[in-house]
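# Observations on chain architecture
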Amino acid sequence: MKDQIVYNLLKMNIIHPNYFNLISSAIGILSVINPRMAKAQVPERPNIIIIYADDLGYGDVSSYGAHRINTPNIDRAANQGLRFTNAHCTSATSTPSRYSLLTGEYAWRKKGTGVLPGDASAIIQPGRTTLASVLKNAGYATGVVGKWHLGLGPQGGPDWNGEITSGPMDIGFDYNFIIPATGDRVPCVFIENRKVVGLDPNDPITVNYKEKVGNEPTGREHPELLKMHPSQGHDMTIVNGISRIGYMSGGKTALWVDENIADVITGKAVKFIEKNKDKPFFLYFATHDIHVPRVPNQRFVGKSGMGPRGDAILEFDWSVGEIIKTIDNLNLTSKTLIIVTSDNGPVVDDGYKDHAVELLGDHKPAGPLRGGKYSAYDGGTRVAFIVRWLGKIEPGTSDALFSQIDFLSTFAALSGQSLSEGEAQDSHNYLNILLGKSEKGREWLVEHATNGRLSIIKGDWKLIEPGPGPKIDTATNTELGNDPLPQLYNLRNDIGEKNNVAPQNPGIVKELTDLLKKIKEDKRP
Ligand code: NG6
Ligand code: CA
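Keep in mind it's a predicted model, so treat the numbers as computed, not measured. (Residues numbered from 1 in each chain as written. Chains lettered and ligands numbered in written order. Predicted model: local features only at pLDDT ≥ 70, side-chain atom pairs only at ≥ 80, totals over all residues. Heavy atoms only, no water.)

### What about unusual backbone geometry?
For the record, the criterion: For helices the rule is a DSSP run of H or I covering at least 4 residues; for strands it is a run of E covering at least 2, with both sets numbered from the N terminus onward.
Residue P187 is reached from V186 by a cis peptide bond, and omega for that bond is 0°. Within the secondary structure, P187 is located in the loop between β5 (175-179) and β6 (191-192). Phi at H149 takes a positive value of approximately 65°, unusual for a residue other than glycine. Looking at where H149 falls in the secondary structure, it is placed in the loop between β4 (141-147) and β5. Here A424, not a glycine, exhibits a phi torsion of approximately 50°, which is positive. Position of A424 among the secondary structure elements: in the loop between α9 (407-414) and α10 (431-434).

Next up, the structure:
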């Protein structure tokens, strides 16, 4: 028992290996003197909460330099915790980032992990080792609330009207309350565990992404029925006055109300915490904010002065505040590690005319970074990243390179679990960095843009591999970073990737090109 305690301390890098025996005997002696001492020495495995925003930019919150918008709850977490300046999601869109976060495998290694339609089958196979299954094995209660977007059901997709299999509960989550794909994709219903919430069996759901089903009007045929119009795509079945991607019919009593999504899912997240307050728990809370369609609750409408996009940021900040308040009120503050971050970078017009472009003013969603969602530039994948664990993590700022791909191995270490060969291939334990005990970050990491373009960051350098594709995605007005020649940037003195120094540094280009090639070929370079 005491050896296990010391072993855990060791794993957490809290003590040096040389002191193992010494500390182990000290705890032994102390626990004879005071039997409660041994217990007091146990480094409690903290509750872990990942608050995963959707499309939140590096520059979208005030603790990362936004001045036109105030995000007091996120800022408080940043002040009480560690604010990372060089932390990354793995991909510039949702599905691959979430896939990597849960599996510890880079999504670009696996076909079919791009942005999924709402009727896709599960891309993480039942029984696979995931962040959730590892923590469940460690004795955690595990829950996911919010956006899923990893497919559901076996080949052919889920049975919306029956038991939904091949879902979160089959890869390690005890509980789930989810949006199946995205807010702009049908079906617009929540799922709780294996059932669509509030479904009337006499009004079954049909979903189709190829052709129209049922008699519901579409945005293309009936734009006069819309309260928010698409700027691109998003012109199929109308739900709650907003036309979506995909067609659906039925399920009338189960349809969500966009204005209430944040309230509903934040409420479910809070309930999960309250229910599991007495054991270690893991909550993956993936908000719909600030993804399109941006339809925040009336409480936030008009509050940012930047239209629905800004108002949705305020709503996201509110959700963060509710989670932290719940933790603090339950006296779980020192027992809970909370991360606030995003699945990919920002986008202004993502397919609906919601005035985000017109009302942007001088707000810079990606802060000093170039590009945004979809892009190979850092705006696509360098994200706001705050970790708060009061009493355990010194407040401050960390410039260490960190990747969400490492959550799995890092939290496995934190919870005392070991992984076997072949599990979480790309994930490594960087608990030291996460807890702020080391400024020496990851040696390198790979970024993945929407067209499959990879970049590699090593030290100060970033290489974007050459390849075809447009320079700008005209629909979203995003600089994608495609170029027929390799691009090299020195991120230390050129964080905005303005100055391509590849021609002057052929040696570094070669070194990074070779390293990237090796990483692509080898899962554990
Ligand atoms: C795009 C959608 C965009 C968004 C994105 C996925 C159009 C024109 N654009 O195809 O609105 O849904 O997919 O975003 O349909 S993500 O954050 O879930 O990856
Ligand atoms: Ca996203």
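### Section: the site of ligand 1
As a reminder of what qualifies: We define proximity as follows: a residue is near a molecule or strand when any one of its heavy atoms falls within 4 Å of that partner. In the analysis that follows, any N or O atom pair within 3.5 Å is treated as a polar contact, provided that within protein one partner can donate a hydrogen and the other can accept it, and provided that, for residues neighboring in sequence, both atoms belong to side chains. Only the protein chains shown count as cover for residues, with accessible areas throughout obtained via the Shrake-Rupley method and a probe of 1.4 Å. Any residue outside Ala, Val, Leu, Ile, Met, Phe, Trp, Tyr, Cys, Pro, Asp, Glu, Lys and Arg is labelled polar, Gly included; the first ten of those are nonpolar and the last four are charged.
Within the structure, ligand 1 sits among 19 residues, and S94, D184, R185, D350 and K373 are positioned closest to it. Within the side chain of D55, one N or O atom sits 3.1 Å away from an oxygen atom of ligand 1. The separation between an oxygen atom of ligand 1 and a polar side-chain atom of H234 is 3.1 Å. Taking 450 Å² as the accessible area of ligand 1 by itself, protein coverage stands at 84%. Its residues assigned to classes, the shell around ligand 1 shows four nonpolar, eight polar and seven charged.

### Considering helix α7 (residues 261-275)
Defined as follows: Each helix should span, by expectation, one fewer than its residue count multiplied by 1.5 Å. Residue exposure (1.4 Å probe, protein chains only): buried if accessible area is under 20% of the type maximum, exposed if over 50%, otherwise partly exposed. Note: the arc covers the axis-to-C-beta directions of the helix. Contacts were defined at the residue level, with two residues in contact if any of their heavy atoms lie within 4.5 Å.
Here α7 spans 21 Å end to end across 15 residues, near enough to the 21 Å set by a 1.5 Å rise per residue. Residues of α7 that are buried: I261, A262, I265, T266, A269, V270, F272 and I273. The buried residues of α7 occupy one face: seen down the axis, they fall within an arc of 155°. Residues K271 and K275 are exposed on α7 and point more than 90 degrees away from its buried face. Looking at the buried residues of α7, the elements they touch are β1 (47-53), β4, β5, β12 (281-286) and α8 (307-329).

### As for the environment of I171
Here I171 lies in the loop between β4 and β5. Judged by relative accessible area, which is 4%, I171 ranks as buried. Filtering out sequence-adjacent residues up to four positions away, I171 remains in contact with I124, Q125, P126, G127, R128, T130, A132, S133 and W148.

### Details of the packing of helix α4 (residues 72-80) against α8
Which entries qualify depends on this criterion: A fitted line through C-alpha atoms represents every axis, and for helices the fit uses only the stretch in contact; the resulting angles, taken between N-to-C directions, go from 0 to 180 degrees. An angle below 35 degrees is treated as roughly parallel, one above 145 as roughly antiparallel, one from 65 to 115 as roughly perpendicular, and anything else as oblique.
Running from N to C, α4 and α8 point in directions that differ by 50°, and their axes come no closer than 7 Å. Classed by the angle they form, the pair α4 and α8 counts as oblique. Note on element contacts: α8 touches α4 through F316, D317, W318, V320, G321 and I324, opposite P72, N73, I74 and A77. Looking at the contact of α4 with α8 residue by residue, the class counts come to seven nonpolar, two polar and one charged.

### Examining the coordination of the calcium ion (ligand 2)
Selection rule: Donor atoms: N, O and S within 2.8 Å of the metal, or within 3.2 Å for Na, K and Ca. Because water is excluded, sites can look incomplete. Key to geometry: four donors with every angle between 85 and 135 degrees are tetrahedral; four donors are square planar and six octahedral where opposite donors lie over 155 degrees apart and all remaining angles lie between 65 and 115; all other sites are irregular.
The protein atoms that coordinate the calcium ion (ligand 2) are D54 (OD), D55 (OD), D343 (OD), D343 (OD) and N344 (OD1), at distances spanning 2.2 to 2.8 Å. Each of the six donor atoms bound to the calcium ion (ligand 2) contributes to angles spanning 50 to 176°, and the resulting shape is irregular.

### Some points on the pattern of salt bridges
Where we set the bar: Salt bridges are identified by distance alone: a Lys or Arg side-chain nitrogen within 4 Å of an Asp or Glu carboxyl oxygen.
One pass over the full model with this rule turns up 35 salt bridges. Between D278 and K277 there is a salt bridge whose closest N-O contact spans 3.4 Å. The salt bridge involving E521 is made with K517; its shortest N-O contact spans 3.5 Å. Taken together, the residues span about one helical turn, with E521 and K517 both in helix α11 (residues 506-521) at a distance of four residues. Here E521 matches K517 in class, with each residue exposed. Here the salt bridges do not stand alone but share partners, grouping D378, R382, E447, K462 and E497 into one network.

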